[in-house]
Every structure is written in structure tokens, then in C-alpha cells.
Amino acid sequence: MGRFVWAAALGIGAALAGSAALAQGGSQGFDVQAATQAYLDSLPAEARARSDAYFEGGYWLILWGLLWTLGACWLLLGTGLSARLRDRAERVTKARFVQVFLYAAGLILALTVQTLPWSIYTDFVREHQYGLSTQSFGAWAGEQAIGTALSLVITSLIVAVIYAVVRRSPRRWWLWGTGVAMVFLVVGIAISPVFIAPIFNDYKPLAEGPLRDRILSMARANGVPAEEVYMVDASRQTNRVSANVSGLFGTTRVSLNDNLLNRGTPEEVAAVMGHEIGHYALGHIDEALLKLGAVILAGFAFVHWAFPRVANGFGRGWGIRGVADPAGAPLALALFSLWFTLMTPVTNTITRSNEIEADIFGLNAAREPDAFATIALKLAEYRKLDPGPLEEFLFYTHPSGRNRIEMAMRWKAEHMREQAPVVGEAGKP
Ligand SMILES: [Zn+2]
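Residues numbered from 1 in each chain as written. Predicted model: local features only at pLDDT ≥ 70, side-chain atom pairs only at ≥ 80, totals over all residues. Heavy atoms only, no water.

1. A look at the overall build of the protein chain
From N to C terminus, the protein chain includes 17 helices and four strands. Its C-alpha atoms give the protein chain a radius of gyration of 24 Å, within 12% of the compact-globule value 22 Å for 429 residues. Along the first, second and third principal axes, the C-alpha set of the protein chain runs to 80 × 40 × 40 Å. Long-range pairs, those at least 24 residues apart, make up 76% of the contacts in the protein chain between residues at least 6 apart in sequence. (Helix = DSSP H or I, 4+ residues; strand = E, 2+ residues; numbered from the N terminus. Rg over C-alpha atoms; globule rule 2.2 N^0.38 Å. Contact = heavy atoms within 4.5 Å.)

What follows is the structure in C-alpha cells.
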């Protein structure tokens with residue numbers, strides 16, 4: 001029933017967009033603003049209020065999440081737990097590298113326990129409150145446990161390697177440390193479609209048919225050597241409509257989730273896949289990695305600068321022997337978390353600017369501006385549709401629904417001018 005009302009609303013919206021365009025007069029006069037507004041108005045007020053509340057609540061979660069992390073780190077330092085954990089690791093072995101690995105594993109366990117109520121609320125309870133999660137508590141907890149187990153091995157290893165760098169180069173560790181972090185990041189991105197993602201979801205090649213043919217044809221036409229499109233059973237966890245590009249080197253792949261396939265029209269799927277092919281063709285993963293590397297470098301430099309100041313100023317009882325002592329890891333983590341929270345608008349803008357490029361690429365590749373607009377409305381289930389400009393700059397990893405629809409309508413208007421109606425009902429004379 002809900003889906004029917006939804007589809008009807010979209011249909012009315014498209015019709016309104018068409019009549020609004022005609023009302024503005026003539027083939028020249030497709031009114032981009034009116035068409036955009038008609039799509040925006042087609043979203044039921046109740047659905048819009050819910051997604052606004054969900055997304056705006058997320059702004060505060062950034063702040064509370066940081067405070068929770070800072071509190072957890074302060075507790076570990078202030079109670080001397082961090083220093084005791086280090087002492088215990090030192091009693092187990094003389095090998096520094098292994099000491100740090102063991103310490104890091106203990107720290108990850110402690111942090112997991114401390115942040116468990118927060119994770120349960122933000123990842124499980126709240127997602128259910130807004131009807132976005134499809135998981136039982138058992139399934140959710142199981143995935144969390146797997147994630148923690150992976151982190152115990154992988155994150156502990158990364159921490160041990162970085163501390164080895166700090167011991168060797170106490171003055172320049174932030175520079176070499178960035179190099180180490182980038183190597184792990186690159187390896188992580190490259191292996192994740194093959195080794196990590198399949199732990200949580202099934203990836204299957206999309207069934208043969210006109211839709212698959214269309215996507216692969218679009219990929220070939222844009223120089224993307226894709227032989228398969230993957231479908232991921234994201235409905236196991238969420239109701240969100242989504243798709244993505246993942247991997248690096250030989251493992252790069254384009255995947256669409258089953259929610260998109262089940263709820264989207266073939267035109268909408270093509271519009272989204274045009275966008276994803278854009279990420280691939282424009283080399284966005286490499287570009288984002290380089291830019292993110294600069295933020296990480298600055299973050300390590302910030303930790304290098306702030307660590308001794310905070311440790312000497314407040315940390316007399318913490319039992320930290322210096323920056324190379326793993327017992328100070330909660331302080332380094334707190335500073336790094338503070339840095340990345342402050343950098344939120346920067347990292348968001350790094351991704352958002354690529355998303356805008358991929359949107360334009362996708363419009364040109366798929367030539368489905370109306371389907372792009374209706375899919376933007378579906379994405380508005382979990383992203384506020386029409387924010388202010390400052391709000392979008394600060395908090396949006398993707399362009400807002402309003403901007404995406406406007407982009408699509410502008411594309412449509414310009415292409416109506418150069419030839420007879422390209423696509424879509426609203427374009428018919
Ligand atoms: Zn994207």
C-alpha cells in the first residue's frame with residue numbers, strides 16, 4: 001500500500017513537472033526551477049519530515065560521538081587502565097612489536113565495550129526507529145562481533161607498525177606514519193571487495209538481460225573494461241537504495257544493491273549506474289585517496305604537535321613515558337578523533353565534489369534526467385532533501401536531493417534545446 005502511494009506521488013510529480021514546464025511556455029521555455037520544485041513537492045510531507053529528522057539528528061551524533069570517544073579515552077588514561085594494559089603486555093614478551101600488538105588488541109576490546117551502548121543506539125535502535133534497518137538484534141550483534149574480531153587482528157597490526165615507526169623516528173614519525181597508513185589503506189581498499197565485503201554480503205553477477213546489457217554497454221562506451229555488474233544483497237541489513245564502486249587495481253568493481261534493483265525502474269537503475277561508472281572512469285578512488293592522504297598527514301602532524309602538550313599539561317597521573325609508549329594510544333586516538341571531526345566539512349567536500357562530477361557524468365552517459373530525479377527522491381529517504389547551502393557544505397557527502405534534481409532538470413533543458421525530446425514524459429511537446 002505504502003509503495004503504491006509512493007509510486008502514485010512520483011507519477012503526479014513527474015506529471016506536474018511536465019505541466020509546469022509547459023506552463024512556462026514553448027519548447028525554449030522548459031523552466032528548470034519549476035520542474036525541480038514540482039519534483040521536490042511530490043515527496044509526501046510526512047516522508048520528508050521523517051528523513052529531515054533522521055538526517056538532522058545525524059549532525060548531533062557527530063558531536064555526541066566525539067564526546068563519547070573522548071570520554072572513553074579519558075577514562076582509560078585517568079584510571080591508569082591504559083598503563084596497566086601496557087605493563088601486562090610487557091610482561092608477556094620482550095619483543096616491542098608484539099607488545100604493542102597485544103596492547104592494541106586489549107585497547108580495542110576495552111573501547112568496544114565502552115562504546116557498545118552508543119553503537120547499539122546509533123547503529124541498531126535508531127536505524128529501526130526510522131525504518132531503515134532490516135536486521136534482528138542477533139544478526140546485528142553477530143556482524144559487530146565479526147567486525148571487532150577483524151579489527152583485533154588488522155587494526156592491532158597497523159597500530160604495531162605505526163608505533164615501530166614512532167620508535168625509529170620520534171621526530172618525523174608523522175611523515176612516515178602517513179606513508180604506512182596510506183599503504184594499509186590502499187591494500188585495504190584493494191582486498192575489501194574480495195575478502196572483507198563477502199563476509200557480510202553475497203555478491204552475485206547481475207542476471208543476463210536488457211538491463212545488464214545496457215549497463216555493460218554504457219561502461220564500454222565510457223572506456224570502463226567491466227565484464228560484470230555485481231548485485232549485493234544489501235536488503236539483509238538495510239532498506240536503503242544504493243550502489244557503489246569498490247576496489248583498486250584488479251579488484252575494482254561496480255555493484256548495485258538489491259533494494260535499488262527491486263524498487264527502481266530500469267531507467268532509474270541505468271541513471272544510478274551511469275553515476276557509478278563515472279566514479280570509475282574519472283578515477284575518483286585514486287583522487288579521493290590522495291586528498292584523504294593529505295588530511296591524514298595533517299592529522300598526524302597535529303597529533304605530533306598536541307600530544308606532548310596535553311600529556312605534560314594534564315597527564316601526570318596517566319603513566320605515559322612518551323609519544324613512543326603505546327600507553328599513550330588513547331590520547332593519540334582522542335586527538336586524531338578531534339582532528340577528523342573538525343575536518344568533517346573538508347572530507348565531506350572531498351567526496352561531495354566527486355559525487356557532483358559523477359552525477360554530471362551519469363546524466364551524460366545514461367541520458368535519463370527524469371529517472372535521475374526520481375531516484376534522488378528515493379535517496380531522500382535517508383538524506384534531507386532540501387538543506388541550506390551552509391548545511392550542505394558542512395554535512396553532505398553527496399549533493400542534496402534538491403541540487404541533484406536541479407542538475408538533472410538543467411541537463412534536460414539544455415538537451416531539449418539542441419534536439420527533439422530526448423527522454424522522459426515531461427519532454428514531450
Ligand atoms: Zn557516488
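Okay, back to it.
2. Let's talk about the packing of helix 3 (residues 45-78) against helix 13 (residues 329-342)
Where helix 3 meets helix 13, the axes come as close as 9 Å, and the angle between the chain directions of the two elements is 165°. In terms of axis orientation, helix 3 runs roughly antiparallel to helix 13. Between helix 3 and helix 13 lies a crossing of left-handed hand. Here helix 3 contributes Ile 62, Leu 66, Thr 69, Leu 70, Cys 73, Leu 76 and Leu 77 to the contact with helix 13, which in turn contributes Pro 330, Leu 331, Leu 333, Ala 334, Ser 337, Leu 338 and Thr 341. The residue makeup of the contact of helix 3 with helix 13, split by class, is 11 nonpolar, three polar and no charged. (Axes fitted to C-alpha atoms, helices over the stretch in contact; angles between N-to-C directions. Parallel < 35°, antiparallel > 145°, perpendicular 65-115°, else oblique. Left-handed = near helix turned anticlockwise from the far one by under 90°. Nonpolar A, V, L, I, M, F, W, Y, C, P; charged D, E, K, R; others polar.)

3. Topic: the pairing of strand 3 (residues 243-246)
Within a regular strand, side chains alternate between the sheet's two faces. Where strand 3 lies against strand 4 (residues 253-257), four bridges are found, and the strand directions are antiparallel. In the sheet register, Ser 246 faces strand 4, and the bridge partner there is Arg 253. Linking strand 3 back to strand 4 in an antiparallel pair, the connection comprises six residues, with Gly 247 at a positive phi of about 90°. (Pairing = 2+ DSSP bridges.)

4. Thoughts on the UniProt feature "domain: Peptidase M48" (unreviewed entry) in the protein chain
Feature annotation in UniProt assigns "domain: Peptidase M48" (unreviewed entry) to the following positions: residues 207-410. Here residues 207-410 is 64% helix and 6% strand, with 34 Å between the C-alpha atoms at its ends. (UniProt positions renumbered as here; feature names shortened; annotations may be inferred.)

5. Let's talk about helix 13
Over its 14 residues, helix 13 extends 20 Å from the first C-alpha to the last, a length consistent with the 20 Å expected when each residue adds 1.5 Å. Residues of helix 13 that are buried include every one of Ala 329, Pro 330, Leu 331, Ala 332, Ala 334, Leu 335, Ser 337 and Trp 339, and no others. The secondary structure elements touched by the buried residues of helix 13 are helix 3, helix 4 (81-92), helix 5 (96-114), helix 7 (137-168) and helix 12 (284-314). (Expected span 1.5 Å × (residues − 1). Buried < 20%, exposed > 50% of the residue type's maximum accessible area, 1.4 Å probe, protein only.)

6. Topic: the coordination of the zinc ion
Around a metal, the perfect tetrahedron of four donors has angles of 109.5 degrees, and the perfect octahedron of six donors has angles of 90 or 180 degrees. The protein atoms that coordinate the zinc ion are His 275 (NE2), His 279 (NE2) and Glu 355 (OE), at distances of 2.0 to 2.1 Å. Under the relative-accessibility criterion, His 275 is labelled buried at 6%. Assessed through its relative accessible area of 12%, His 279 is described here as buried. (Donors = N, O, S within 2.8 Å, 3.2 Å for Na, K, Ca; no water.)

7. Quick word on the sheet that holds strand 3
Ordered by their spatial adjacency, four strands build an open sheet running 1-2-4-3, and the pairing between neighbours is mixed. A single partner strand is all that each edge strand has here, and the edge strands are strand 1 (203-205) and strand 3. Direction aside, neighbouring strands of the sheet carry axes that sit 35° apart on average. Taken together, the three bridges between strand 2 (residues 230-232) and strand 4 define a ladder with parallel strand orientation. Within strand 4, the position partnered with Tyr 230 by the bridge is Ser 255.

8. Quick word on the environment of Arg 50
Assignment of secondary structure puts Arg 50 in helix 3. Residue class for Arg 50 comes out partly exposed when judged on its relative accessible area of 43%.

9. Concerning unusual backbone geometry
In the Ramachandran plot, Arg 367 falls in the positive-phi region, its phi being about 55° despite a non-glycine side chain. For Arg 367, the position within the fold is in the loop between helix 14 (344-366) and helix 15 (369-379).

10. With respect to the environment of Pro 198
Within the secondary structure, Pro 198 is located in helix 8 (residues 173-200). Take Pro 198: its relative accessible area is 37%, and that puts it in the partly exposed class. It is 9.2 Å that separates the C-alpha atoms of Pro 198 and Val 232, two residues lying 34 residues apart in sequence. If we ignore the near neighbours within four places in the chain, the residues touching Pro 198 are Ser 192, Pro 193 and Tyr 203.

11. What about the pattern of salt bridges?
When the charged atoms of two side chains with opposite charge come close together, those side chains can pair. With the rule as written, the count across this model stands at 19 salt bridges. Its salt-bridge partner being Glu 56, residue Lys 384 comes within 2.6 Å of it at the nearest N-O pair. A residue pair is termed long-range when its members are at least 10 positions apart, and Lys 384 in the loop between helix 15 and helix 16 (389-395) and Glu 56 in helix 3 qualify at 328 residues. Taking relative accessible area as the criterion, Glu 56 reaches 30% and is therefore assigned partly exposed. Between Arg 236 and Asp 233 there is a salt bridge, with the nearest N and O atoms lying 3.2 Å from each other. Given a relative accessible area of 39%, Arg 236 falls into the partly exposed group. (Salt bridge = Lys/Arg side-chain N within 4 Å of Asp/Glu carboxyl O.)

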